[in-house]
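# Observations on the three-dimensional arrangement
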Amino acid sequence: MLIGAHVSTAGGLANAVERGIETESDAIQIFNQSPRAWRPTRYTGDDFAAFREALDSSRVEAAMIHAVYLINCASKQQEIRSKSIASLIHALRVGDGMGAEGVVLHAGSRKGEPQGPSMKRAAQAISEGLAESEGCPLLLENTAGTQGPLGRDFAELAELIELAGGDERLGVCVDCCHLFASGYDIRSIEAVAAVVDQLDSEIGLERLHCLHVNDSKVGLGANRDLHANLPDGEIGREGLGAFLSEPRFEGLPALLEVPGPEGKGPGAAQIRLARELLESGRAERARAS
Ligand SMILES: [Zn+2]
Ligand SMILES: [Zn+2]
């Protein structure tokens, strides 16, 4: 399992690799531009070359992009949708330039509009994004189950993938904090196994390319997206160990998006702790079998 941190690109793309090394990450995730502004960061071929060179000579084995939060592919407003599609295309092209393993996207929010047409609009925008880019996979992230954001359960993610045409570049990123907040219990080895069985039957494990590993400040099914440091939240030590050590997750990038002990994002201590939780989960499995 490639455990790592979401890191900043301040000062240039290649600096993200440096921060990956500092945090002892085997995988990193970055924003391809400021996540709260539409204006894209323009990268050159040299920027991509420097990034790839830094990556190749580091311990970091996988890089992911998280698309910006403003994107709402489901929006009924044409202007928002156009900007969202342009931003999505930009993220996918940057991902291709970087050699990223994928772009993680929150599919969109219906904002009080009916579900069916919102899903169709989101899927249409996603397929346009794929058509205008190549190479880099697009991974839809499960959401915390709050009213509005699409992708609140596996069935909804599967429906989005199908409506978008089922392209083989389409996959999913599963965030354990969102899973738990949207009502999937993952606090034991058996519970995780049942959830992964469900994921496999509804979406297919071959579409799972990335994990987000965050504890949750809110309880099971509370439908709020509040990340807690490991293992200080409601999922806790045993649950995180069970999630991380799930054998069908082996080899995936598993990225932390926690606030960190000082509120500056996941640092080396949280990454080390995630590896300890993985090991304790494996030991627990060995004892149980
Ligand atoms: Zn996430
Ligand atoms: Zn979240």
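Everything below is about the structure shown above.
Anyway, here's the lowdown on the structure attached to this text. Since this is a predicted model, take the numbers as computed values, not measurements.

### Side note on the coordination of the zinc ion (ligand 2)
Around the zinc ion (ligand 2), the protein contributes the donor atoms His178 (NE2), Asp225 (OD), Asp225 (OD) and His227 (NE2), at 2.0 to 2.6 Å from the metal centre. Geometry at the zinc ion (ligand 2) is irregular, judged from the 4 donor atoms that bind it and their angles of 53 to 136° at the metal. Written as a sequence motif, the donor arrangement for the zinc ion (ligand 2) is H-x46-D-x1-H. In this structure, the zinc ion (ligand 2) is positioned 4.4 Å from the zinc ion (ligand 1). With histidine 178 in helix 6 (residues 176–181) and histidine 227 in strand 9 (residues 227–228), the pair connects residues that are 49 residues apart, well separated along the chain. Take histidine 178 and histidine 227: they sit in the same class, and that class is buried.

### A word on the sheet that holds strand 1 (residues 2–6)
Spatial ordering of the closed barrel is given by 1-2-3-4-5-6-7-10, a layout of 8 strands whose pairing is parallel. With strand direction ignored, the average angle separating the axes of adjacent strands in the sheet is 30°.

### Notes on the coordination of the zinc ion (ligand 1)
The coordination sphere of the zinc ion (ligand 1) contains the protein donors Glu141 (OE), Asp175 (OD), His212 (ND1) and Glu257 (OE), at a distance range of 2.1 to 2.3 Å. For the zinc ion (ligand 1), the 4 donor atoms in the first shell make angles of 84 to 174° at the metal, so the coordination geometry reads as irregular. Written as a sequence motif, the donor arrangement for the zinc ion (ligand 1) is E-x33-D-x36-H-x44-E.

### Overview of helix 8 (residues 236–244)
In terms of residue burial, helix 8 counts as a mostly covered element, since 7 of its 9 residues are buried. Restricting attention to buried positions, one finds in helix 8 the residues Gly236, Gly239, Leu240, Gly241, Ala242, Phe243 and Leu244. Turning to helix 8, the residues buried within the fold contact strand 6 (170–175), helix 6, helix 7 (189–202), strand 7 (208–212), strand 8 (215–216) and helix 9 (268–288).

### Quick word on the pairing of strand 3 (residues 62–66)
Counting buried positions along strand 3 gives 5 out of 5 residues, so the element sits mostly inside the fold. Burial along strand 3 is two-sided: the face carrying Ala62, Met64 and His66 and the face carrying Ala63 and Ile65 are both buried. The pairing of strand 2 (residues 27–31) with strand 3 spans 5 bridges and is classified as parallel. Bridging from a neighbouring strand, isoleucine 28 pairs with alanine 63 of strand 3. Chirality of the crossover, the property in question, places the unit of strand 2, helix 2 (residues 45–56) and strand 3 among those that are right-handed. Note that strand 3 and strand 4 (residues 102–105) share 3 bridges and pair parallel. Note on strand 4: the bridge partner recorded for isoleucine 65 is valine 103.

### Examining the packing of helix 8 against helix 9
Close contact between helix 8 and helix 9 brings their axes to 7 Å; oriented N to C, the two are set at 80°. Classified by the angle between their axes, helix 8 and helix 9 sit roughly perpendicular to one another. Side by side, helix 8 and helix 9 meet where Arg237, Leu240, Gly241, Ala242 and Leu244 of the first sit next to Leu273, Ala274, Leu277, Leu278, Gly281 and Arg285 of the second. Looking at the contact of helix 8 with helix 9 residue by residue, the class counts come to 7 nonpolar, 2 polar and 2 charged.

### Considerations on the pattern of salt bridges
For the coordinates displayed, the defined rule picks out 12 salt bridges. One salt bridge connects arginine 272 with glutamate 24, and the closest N-O pair in it is separated by 2.8 Å. One end of the pair, arginine 272, is in helix 9; the other, glutamate 24, is in the loop between helix 1 (13–22) and strand 2, with 248 residues separating them in the sequence. Judged by its relative accessible area of 43%, arginine 272 falls in the partly exposed class. Put simply, aspartate 26 and arginine 275 hold a salt bridge, and the shortest N to O gap is 3.0 Å. Remark: arginine 275 occurs in helix 9 and aspartate 26 occurs in the loop between helix 1 and strand 2; sequence separation between them is 249 residues.

### Considerations on the packing of aromatic side chains
Using the criterion set out here, one finds 4 aromatic pairs in the structure. Taking the centre distance of 5.5 Å and the plane angle of 75° together, the rings of phenylalanine 31 and tyrosine 69 count as edge-to-face. You can see phenylalanine 31 sitting in strand 2 and its partner tyrosine 69 sitting in the loop between strand 3 and helix 3 (78–98), a full 38 residues away along the chain. Residue classification places phenylalanine 31 among the buried positions, given a relative accessible area of 18%.

### Concerning the state of the cysteines
In total, this model carries 0 disulfides according to the counting rule given. Counting only cysteine sulfurs, cysteine 136 is the nearest neighbor of cysteine 73, a cysteine outside any disulfide, at a range of 15 Å. Overall, the relative accessible area of 0% leaves cysteine 73 in the buried class. Classification of cysteine 136 as buried rests on a relative accessible area of 2%.

Criteria and cut-off values
- Residues numbered from 1 in each chain as written.
- Chains lettered and ligands numbered in written order.
- Predicted model: local features only at pLDDT ≥ 70, side-chain atom pairs only at ≥ 80, totals over all residues.
- Heavy atoms only, no water.
- Donors = N, O, S within 2.8 Å, 3.2 Å for Na, K, Ca; no water.
- Tetrahedral: all angles 85-135°; square planar, octahedral: opposite > 155°, others 65-115°.
- Helix = DSSP H or I, 4+ residues; strand = E, 2+ residues; numbered from the N terminus.
- Buried < 20%, exposed > 50% of the residue type's maximum accessible area, 1.4 Å probe, protein only.
- Pairing = 2+ DSSP bridges.
- Axes fitted to C-alpha atoms, helices over the stretch in contact; angles between N-to-C directions.
- Contact = heavy atoms within 4.5 Å.
- Right-handed = clockwise from strand over helix to strand, strands pointing away.
- Parallel < 35°, antiparallel > 145°, perpendicular 65-115°, else oblique.
- Nonpolar A, V, L, I, M, F, W, Y, C, P; charged D, E, K, R; others polar.
- Salt bridge = Lys/Arg side-chain N within 4 Å of Asp/Glu carboxyl O.
- Phe/Tyr/Trp six-rings, centres within 6.5 Å; stacked < 30°, edge-to-face > 60°.
- Disulfide = S-S within 2.5 Å.

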